[in-house]
Every structure is written in structure tokens, then in C-alpha cells.
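Chain by chain, the residues:
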Amino acid sequence: MLSERLLTTVVRQCTNRYLKLRPTEEARVPAPVPGQRYMLYMHVPFCERLCPYCSFNRFPFSEERARPYFENMRREMMMLKELGYDFESLYVGGGTPTIMLGELCDTIDLARETFSIREVSSETNPNHLTRPYLEKLKGRVQRLSVGVQSFDDGLLKQMDRYDKYGCGQEILERIQEASPYFVSMNADMIFNFPAQTEDILISDIERVVESGASQTTFYPLMASPSVARSLARTVGKVDYAREQRFYQIIDELLAGGDAPLFEHGSAWTFNRRGSGADGEDAMIDEYVVDYEEYPAIGSGGITYLGESLYVNTFSVKDYNAAIESDRMSLMGKTTFSKRDRMRYRFMMQLFGLRLDKRAWERDFGCTVEAGLPVEMAFMKAAGAFDRDTHDELTLTPRGRYLMVVMMRQFFIGVNNLRDQARAALTGEERELIFGDGCARE
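Quick caveat: nothing in here was measured; it's all calculated off a predicted structure.

A. Molecular detail of the overall build of the chain. Broken down by element type, the chain carries 18 helices and 18 strands. Here the C-alpha atoms of the chain give a radius of gyration of 21 Å, agreeing with the 22 Å that 2.2 N^0.38 yields for 441 residues. Once the C-alpha set of the chain is aligned to its principal axes, its extents read approximately 55 × 50 × 40 Å. Long-range pairs, those at least 24 residues apart, make up 73% of the contacts in the chain between residues at least 6 apart in sequence. For the chain, the accessible surface area stands at approximately 17,500 Å², while carbon and sulfur atoms represent 49% of it. The positive charge centre, built from 54 side chains, and the negative charge centre, built from 65, are 4 Å apart in the chain.

Here it is in C-alpha cells:
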């Protein structure tokens, strides 16, 4: 546990240092670099109810707020087209992207008409896995990721998801019906809830297998300090001491043994063998693995281009006003040093299970050993590397868990960044997020 605690501390210190927003007056993100591959991220910040563990930008849904918002996201897409961007992949996150299905479909259709998009991934919730929704999404979306979190009815009630989305058996049956509609159906799961036992976790894994989902992602429970307080009031305080054991159970049951049903797509993503989601080209939830740089549109979107990270305003009202005045809604920015960019690639590529050493030398002008000597020494001493050649680094099972620790702490840092942006909300929007009956700080 010493190496995990040390890693947690170091990543926390690094993210606290370089994930600090400074105000920006820039009206546009930078233009694309010729020859660079980009993915487009699109954020839909509306939900029927707000989950206590979620740190993403989200507001209670109302059609009055959502309809003009979708229209402005389509306008923002055209701003990127004017800058010279093209995209081969689109990821729609939230919130609940499918909350206004017609608007979502219109937006996806425009993206396909405007850019060279080959694959679309979208998130959704279990109550939207109905035939009318599935028929509309079929062909438009190749990878659908449904937020399950757990099939356990007790945990679903604790998370305030039981009444919203049904019992575990209902969710299981909906995934079984929806899976044939998509190239990849991903079941998003969370492990290490305070009330989750090993038996509950094993049951969740068994039901993922039974669901027919071609992919599953098991995230460790992670939250920024503000959401951690909300979590403590609803589901209890997180115990990170159990995390490694829970991850080992997931790894062994899904991808272990002589004839595993799944194989790793990333440190916490598993692709079912023999399905449309297996192989090197499978789409995974962490688009940052396949696309190091990406512009993000929509309120609360986070863009990473070159050495700069931009955050769009968390205010839907301010977002609409910015787009309607022909500006992007950039409210904050942070700049990465070369060392920070090397650490970012080191983490993201190893999280994706392989670091390309030749590409590293081409892009940074040094070896990974020369660029990150302390990080490399730590990972070697911890037994993290399976292959360490002139061409690549790959991971042992121990190394995969260390990447889970690093990514968990990195995303907590990103959630802190979101908290910085959310703190600027005022008036009605602040009351919607922090008022009685909603998600308090």
C-alpha cells in the first residue's frame, strides 16, 4: 500500500499545481495543427435528477433551458469548422445527452454532415433504453455507454437511482434488449462504494456478463472535496484501503484465467472477447487515450490543445450569451509546461496499456527515461512494467492497478478544476446546483 499512497500524494500535488484556472478573454480556441488527429467532445449538462457523486457540470432538466442550448452547440460546432477543424470521432457526454433525443439526433446529424466523423459515442441512462430511443440512435451512435453504477438494489436506492431508473433486474433486461442496436454497448460501473461488499461486487460482475454488454468500465469511486462531502451524507465516506482488493476481483473475474470472457481495453475498461468491441480498434470511454488533443463544446466542456487547457463557463445562461455574440464561452485557462505534458502523456498512454517510445522521442526530443527519470524509476521499482523495450512500455497487473490509482487521482484533480469553474455560478443557476433538494457543496 505504500507505493499507492505515495503515488496518490504525488499525483495530487502535481494536479493541484497545474490544474489551476486563470481567467481568459480569448474568444476562440487555437486553430488546428495540420496533420493532427482530433476528436470532438460535446457536453449536455441536463439531468432529470442530480446524483450526489457526480462532479460534472449538470443542471436539473427543463425544455426551456435545453432547447436553445442545443441550438447554440450546433452554432459552436460551426465555429470550429471555420477555424479549420475536422474530426473523425465525436463523444457526447453529460449530464444525460439523450434527455432531448430529437435535439441530440439533429446535432449528431449536423456533425456528420460537417466533419469526417466515422464513430459517435454517447452516454445515456437506463430509463432511455427503450425501443423508440434505440431506433433513433441506431446508426447515429456506434457506442452507447449506459450509466449503471451497480445492479444492487440497495446501492441503487442509496444513490437515489432506484426510483429514477428501476431495479437492477429491470436495468439488466434493458441492456440485454439494447445491446444488438450498437457496435459497442458499454455498461458503466462504479466500485468501492462504502456499502459495497465483495459479494455485491461479484454479483455486479456476474450481471454485467449476463447483460450481454460488449464492454464494461469499472471506475473507482472518486470525487472532488465538495462532492466527497455530499457523498459522505448519502452513501458514506470512501475507504481507499479496499480499492486494490476490489480491483483485483474485477480483473480476475473478467480478464483472468485461461479462457477469459473479456480483455483489457484500458486499465479499467474491459472488452468482451468475440464481440464487436474487441480488438485494438475498440472504442473506449476514456477518449483521451486515443486522442491526446480535443476541443470541447458546450457549457462545462474542457478543451486540451497543445500546451493549453481551457474550461468553458459552467453557466448555461452565459454560454448561450457568448455563442449568440459569436464568441466561444471560454472562462478559464491553464498552461502546461513541457514536463507537465510529458507526465500527461505518460499517464494517458500507460492507462491505455502501451506507451509508444518512438513517438515520445519524436515529439519531445528525448527518451522517456531522460524526460521522466523519477517516474520511470518509481514504476520500475514497483514492478509496473511487463515489456520495456526500445519501442514500447507495457504493464503488469500490478502496473494496471497503479494506473487506476493515478487516473483516479488525476480525475479528482479535474473535478477540483470543475469546482473552481462551478464556484462562479450566481443567482438562479447557483440555487439550482447548491440549493435545497439539489446537490449541495
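Now that the structure is up, let's keep going.
B. Local environment of the packing of helix α13 (residues 338-351) against helix α14 (residues 357-364). Contact geometry for α13 and α14: axes closest at 12 Å, N-to-C directions at 165 degrees. Relative to α14, the element α13 is oriented roughly antiparallel. Between α13 and α14 lies a crossing of right-handed hand. Contacts between α13 and α14 involve Lys338, Arg341, Met342, Arg345 and Phe346 on the former and, on the latter, Ala359, Trp360, Asp363 and Phe364. Each residue belonging to the contact of α13 with α14 can be placed in one class, and the counts come to 5 nonpolar, no polar and 4 charged.

C. Molecular detail of the confidence of the model for the chain. Residues of the chain with pLDDT of at least 70 account for 92%, and the chain-wide mean is 90. Here residues 277-281 scores under 50 on pLDDT; set against residues more than four positions off or in separate chains, the count is 11 contacts. Overall, residues 436-441 carries pLDDT values under 50, and its contacts beyond four positions in sequence, including any with other chains, amount to 20 contacts.

D. Local environment of the sheet that holds strand β10 (residues 262-264). Spatial ordering of the open sheet is given by β10-β11-β9-β8-β7-β6-β5-β2-β12, a layout of 9 strands whose pairing is mixed. The sheet is open, and its two edges are formed by β10 and β12 (296-297), each paired on a single side. Where strand β5 (residues 89-94) lies against strand β6 (residues 119-124), 4 bridges are found, and the strand directions are parallel. Within β6, the position partnered with tyrosine 91 by the bridge is serine 121. Contacts from helix α2 (residues 63-83) reach β2 (39-44) and β12 within the one sheet, and its direction differs from that of β2 by about 160 degrees. Each of β8 (184-191), β9 (215-220), β10 and β11 (269-272) is contacted by helix α10 (residues 243-255), which is oriented at about 125 degrees to β10, the strand it contacts most.

E. Focus on the pairing of strand β18 (residues 392-395). Neither face of β18 is open: one carries Glu392 and Thr394, the other Leu393 and Leu395, and all of them are buried. Here 3 bridges tie strand β16 (residues 354-356) to β18, and the two strands are oriented antiparallel to one another. Bridged to aspartate 356 within β18 is glutamate 392. The sheet contact formed by strand β17 (residues 385-388) and β18 spans 2 bridges and is antiparallel. If you follow aspartate 388 over to β18, its bridge partner there is leucine 393.

F. Region of interest: α10. The terminal C-alpha atoms of α10 lie 18 Å apart, and with 13 residues this matches the ideal 18 Å at 1.5 Å per residue to within 8%. Buried within α10 we find Glu243, Gln244, Phe246, Tyr247, Ile249, Ile250, Asp251 and Leu254. Within two residues after α10, glycine 257 carries a phi angle of roughly 85 degrees, on the positive side.

G. Just the pattern of salt bridges, in detail. Applying the stated criterion across every chain yields a total of 27 salt bridges. The shortest N-O distance in the salt bridge between aspartate 109 and arginine 140 comes to 2.8 Å. With aspartate 109 in helix α3 (residues 101-114) and arginine 140 in the loop between α4 (131-137) and β7 (143-149), the pair connects residues that are 31 residues apart, well separated along the chain. Relative accessible area serves as the criterion here: at 23%, arginine 140 is assigned to the partly exposed category. The residue lysine 357 makes a salt bridge to glutamate 369 at a minimum N-O spacing of 2.7 Å. Taken as a pair, lysine 357 in helix α14 and glutamate 369 in helix α15 (residues 368-371) lie far apart in primary sequence, 12 residues in all. For lysine 357, a relative accessible area of 7% corresponds to the buried category. Connected via shared salt-bridge partners are Glu63, Arg67, Arg74 and Glu103.

H. Seen up close, the sheet that holds strand β1 (residues 22-23). Strand order in the open sheet formed by 4 strands is β1-β15-β14-β13, with antiparallel pairing between adjacent strands. Looking at strand neighbours, the two that pair on one side only are β1 and β13 (302-305), the edges of this open sheet. As paired elements, β1 and strand β15 (residues 330-335) share 2 bridges and run antiparallel to each other. Looking at β15, one finds that proline 23 is bridged to glycine 332.

What counts, and where the lines are drawn
- Residues numbered from 1 in each chain as written.
- Predicted model: local features only at pLDDT ≥ 70, side-chain atom pairs only at ≥ 80, totals over all residues.
- Heavy atoms only, no water.
- Helix = DSSP H or I, 4+ residues; strand = E, 2+ residues; numbered from the N terminus.
- Rg over C-alpha atoms; globule rule 2.2 N^0.38 Å.
- Contact = heavy atoms within 4.5 Å.
- Areas by Shrake-Rupley, 256 points an atom, 1.4 Å probe, with all protein chains shown as cover.
- Lys, Arg positive; Asp, Glu negative; His and termini not counted.
- Charge placed at Lys NZ, Arg CZ, Asp CG, Glu CD.
- Axes fitted to C-alpha atoms, helices over the stretch in contact; angles between N-to-C directions.
- Parallel < 35°, antiparallel > 145°, perpendicular 65-115°, else oblique.
- Left-handed = near helix turned anticlockwise from the far one by under 90°.
- Nonpolar A, V, L, I, M, F, W, Y, C, P; charged D, E, K, R; others polar.
- pLDDT = per-residue confidence, 0-100.
- Pairing = 2+ DSSP bridges.
- Buried < 20%, exposed > 50% of the residue type's maximum accessible area, 1.4 Å probe, protein only.
- Expected span 1.5 Å × (residues − 1).
- Salt bridge = Lys/Arg side-chain N within 4 Å of Asp/Glu carboxyl O.

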